Amino acid sequence: PVNPIRVKDKIAGAKKYYEYHDRCLFCDLIRQEKASGQRVVVETDHFLAITPFASRFPFEIWVLPKIHACDFAQSLAGYERDLAKMMKEVLRRIKVGMEDPAYNYVVQTAPFCLENAGGTKYRTIEQDYHWHLEILPHISRVAGFEKGTGFYICSIPPETTAKFLREVKI
């Protein structure tokens, strides 16, 4: 029942955005990325893979469901094949285009809903948070600046990495 600081910050940021705009930050992100197309790597019927605007690492990719849902396990039913298709496409582009680097992927989903001492639950997470996958190829190292400050330096613009991955012949 412990949420890492980065997860807490992401959830708090999504909640703050929702409170201000009355809509999901990630749904807005999907609309903007589809309209621009610059950072889109792959699109399927139900998912969008992008290189995020403020990438922490070169070739970082986020896979987002196009339908709003906060919980990976509860919202995936019926979309398994499309997610498998998306993951196969993205991971093949990484493998072929980048000579098969090691990578991690992280499922960012809503945490367990816990009550506080007064019995109050955080429930707007169903409206303000949007689950997604983050794929992080290991092609660079976190160095002193990143470790000391918590700020990341990504040496390649995400538009460049998205274009490169789109153009990989598989």
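Since the model is a prediction, treat every value here as computed from it, not as a measurement.

Participant: Help me understand the pairing of strand S2 (residues 47-50), please; the structure alone is not making it clear to me.
Facilitator: Each regular strand shows side chains that alternate between the opposite faces of the sheet. Along S2, one buried face is formed by Phe47 and Ala49 and the opposite face, lined by Leu48 and Ile50, is buried too. In this structure, strand S1 (residues 40-43) lies alongside S2, joined through three bridges in antiparallel fashion. Bridged to Val42 within S2 is Ala49. Following S1, the chain reverses through three residues before pairing antiparallel with S2.

Participant: I would appreciate a short explanation of the packing of aromatic side chains in the present structure.
Facilitator: Two measures describe an aromatic ring pair: the distance that separates the ring centres and the angle between the ring planes. Counted under the stated rule, the structure contains five aromatic pairs. Their ring planes at 80° and their centres at 4.9 Å tell us that Phe72 and Trp131 sit as a pair that is edge-to-face. Of this pair, Phe72 sits in helix H3 (residues 72-75) while Trp131 sits in the loop between helix H5 (125-128) and strand S5 (132-137), and the two are 59 residues apart along the sequence. Through pairs of rings, three or more aromatic residues link up here, namely Phe26, Trp62 and Tyr129.

Participant: Which parts of the structure should I look at to understand the side chain of Lys10?
Facilitator: Relative to the helices and strands, Lys10 resides in helix H1 (residues 5-21). Looking at Lys10, the relative accessible area reads 13%, which means it is buried. Beyond its immediate chain neighbours, meaning those up to four positions away, Lys10 contacts Phe26, Trp62, Gln108, Tyr129, His132 and Glu134.

Participant: When you look at the nonpolar core in this model, what are you seeing that I'm missing?
Facilitator: One recurring pattern in soluble globular proteins is that nonpolar side chains are buried together. Judged by nonpolar contacts, the single largest core of 21 residues is most densely connected at Ala49, Val63, Leu83, Val90, Ile94 and Ile135. Elements that contribute at least two residues to this core include exactly S1, S2, strand S3 (61-65), helix H4 (80-97), S5 and helix H7 (158-166). Residue contributions to this core peak at six residues, all from H4. Setting aside chain neighbours within four positions, we find Ala49 in contact with Arg39, Val40, Val41, Val42, Ile61, Trp62, Val63, Met86 and Val90. In this structure, Ile11, Ile30, Val40 and Tyr129 belong to the second largest nonpolar core, which totals 17 residues.

The rules behind each value
Residues numbered from 1 in each chain as written. Predicted model: local features only at pLDDT ≥ 70, side-chain atom pairs only at ≥ 80, totals over all residues. Heavy atoms only, no water. Buried < 20%, exposed > 50% of the residue type's maximum accessible area, 1.4 Å probe, protein only. Helix = DSSP H or I, 4+ residues; strand = E, 2+ residues; numbered from the N terminus. Pairing = 2+ DSSP bridges. Phe/Tyr/Trp six-rings, centres within 6.5 Å; stacked < 30°, edge-to-face > 60°. Contact = heavy atoms within 4.5 Å. Core = buried A, V, L, I, M, F, W, Y, C linked by side-chain atoms within 4.5 Å.

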